[in-house]
Amino acid sequence: MDRFSWSDGILSAEEQLITQQNGVRIYDGTQKTAFDYGKLVLTSHRVVWKDHKDQKCILTLPLSYVVQIEEEGSTLTKSAKSVLHLSPADPRRPSGPSTSSAFSFIRFSFTEGGQKEFHRTISEAVQRKRWEVRPAQTQAVGSNQKQLRTGISGIEKSIQQKHMDTDRNISQAFEDLSKLMDKAKEMVAISRNISTKLREKQGDITEDETLQFKSYLLSLGIDDPVTRDAFGSSNKYFQELAKQISDVMEQPLKTSGGVMTLSDVYCRLNRARGLELLSPDDLVNACRTMDLLQLPVRLHVFESGVMVLQLRSHSNEATVADTERTVEKSGSLTAEELAKIIGSSVVLSKERLLTAEKLGKLCRDESTEGLRFFPNLLLTKAL
């Protein structure tokens, strides 16, 4: 943090704004700082951090300090980060929040997304080193012709630079496209081979080919996953995410009895989303908007706190009646035994039994052997 200095946030005449991102936290090496939530602004000359609450708290870091840039991917509990390795602090620098630091690097944590875009743009800005370019000096007398030539030369250089950037972007795009085409050709060849064997040998295919084919199908996933980068932190993001979750999970819910725990939904979605992983908080917030949007899928929370995703057409009364019949047929059941019979998870089976008990359809027997449920004979047998 000793490379940062206080600033008013005003850009200089030769400085250009490149990008900005909200919800950024600053780490001094591996340690958290008091600069917890603010807007990160990247210019051609420096990085500026503005506190979200205190508008006068503005920090600036010259890009000339940056010697290396790294990325840290996000996890279930941590957001993506950009790591900036810095050169030693200049003793003549303006005053800042710290006079010394035990670390030679800082980290920016992007709690609201945008890390990939920032990493790309700051890498380009550091590579171009625009802060080393000095503004051209013009003479006051007899300089009209010279200024005209300088202006034309500047325009030509600008056009040439744009052409170079365009060529580089096109080259990168074609490299990615070539990789995609290679993978697509490989997948088509395998699927064609399997289809041929299915027709000629009536399913006589190897297990390795089957597993490989299934892995390609799973890798296809969601073709255009909704991301926070596209919508920011607004309600629009959660609404669009809720719609996509409903579209993806409607059919799996139909094949699993109309109910699925949110943990299972989380695993299925992230497997389908590929690299665009979804955080647990975003999943819960999106599911909470489903009732307002009147989607065919909605969030249901049991009294125990277990969250499930279920079809809107799913009937709790029918589920309770089916649970009661299953227990009556078996005489008594535990959650594990019911899960094996109906092909459901133990968590959902237990919730079904507890719901039926609450409505008076079942009775419990809690002993050292565990929790077992019996039919409520007081409703069916005369005293």
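Refer to the structure above for everything that follows.
All of the points below concern the structure found in this document. In this text, all values refer to a predicted model and were calculated from it rather than measured experimentally.

## Considering helix 6 (residues 262–273)
With twelve residues, helix 6 should cover 16 Å at 1.5 Å per step; its first-to-last C-alpha distance of 16 Å lies within 8% of that length. Within helix 6, the full set of buried residues consists of L262, V265, Y266, L269, N270, A272 and R273. Here the buried residues of helix 6 occupy an arc of 160° about the axis, which is enough to place them on one side. Buried residues in helix 6 make contact with helix 5 (235–255), strand 10 (259–261), helix 7 (280–288), strand 11 (297–301) and strand 12 (307–311).

## What about the sheet that holds strand 12?
A sheet is described by the order of its strands in space; here three strands give the open sequence 10-12-11, paired in antiparallel fashion. With one partner strand each, in any of the chains shown, strand 10 and strand 11 form the two edges of the open sheet. With strand direction ignored, the average angle separating the axes of adjacent strands in the sheet is 30°. Of the strand pairs in this sheet, strand 10 and strand 12 are connected by three bridges, and their pairing is antiparallel. Within strand 12, the position partnered with M260 by the bridge is L309. Docked against the sheet, helix 6 engages strand 10, strand 11 and strand 12, running at close to 80° with respect to strand 10.

## Observations concerning the side chain of T121
Counting through the fold element by element, T121 comes out in helix 1 (residues 115–128). On the accessibility criterion, T121 (6% relative accessible area) is buried. There is a polar contact of 3.0 Å between the side chain of T121 and the backbone oxygen of F118. Once you skip the residues sitting within four places of it in the chain, T121 turns out to touch I18, T19 and L42.

## What to know about the environment of N376
Secondary-structure assignment places N376 in the loop between strand 14 (370–375) and helix 12 (377–380). As for N376 and R364, which are separated by twelve residues in sequence, their C-alpha atoms are 9.0 Å apart. Excluding its chain neighbours within four sequence positions, the residues that come into contact with N376 are G360, K361, L362 and C363. Among the polar contacts listed, one links the side chain of N376 to the backbone oxygen of G360, at a separation of 2.7 Å.

## Some thoughts on the pattern of salt bridges
Per the counting criterion, the structure on display carries 17 salt bridges. In this structure, the salt-bridge partner of D36 is R25, at a minimum N-O distance of 2.6 Å. In this pair, D36 sits in the loop between strand 3 (31–32) and strand 4 (38–43) while R25 sits in strand 2 (residues 17–28), placing the two residues eleven residues apart along the sequence. When its relative accessible area of 37% is taken as the criterion, D36 is described as partly exposed. Given the relative accessible area of 18%, R25 is considered buried. R372 is the salt-bridge partner of E337, the closest N and O atoms lying 3.2 Å from each other. Linking E337 in helix 10 (residues 335–342) with R372 in strand 14, this pair joins segments that are 35 residues apart in sequence. Look at E337 and you get partly exposed, because its relative accessible area is 31%. For R372, a relative accessible area of 24% corresponds to the partly exposed category. Connected via shared salt-bridge partners are E117, R120 and E124.

The rules behind each value
Residues numbered from 1 in each chain as written. Predicted model: local features only at pLDDT ≥ 70, side-chain atom pairs only at ≥ 80, totals over all residues. Heavy atoms only, no water. Helix = DSSP H or I, 4+ residues; strand = E, 2+ residues; numbered from the N terminus. Expected span 1.5 Å × (residues − 1). Buried < 20%, exposed > 50% of the residue type's maximum accessible area, 1.4 Å probe, protein only. Arc of directions from axis to C-beta. Contact = heavy atoms within 4.5 Å. Pairing = 2+ DSSP bridges. Axes fitted to C-alpha atoms, helices over the stretch in contact; angles between N-to-C directions. Polar contact = N/O pair within 3.5 Å; in protein donor to acceptor, adjacent residues only side chain to side chain. Salt bridge = Lys/Arg side-chain N within 4 Å of Asp/Glu carboxyl O.

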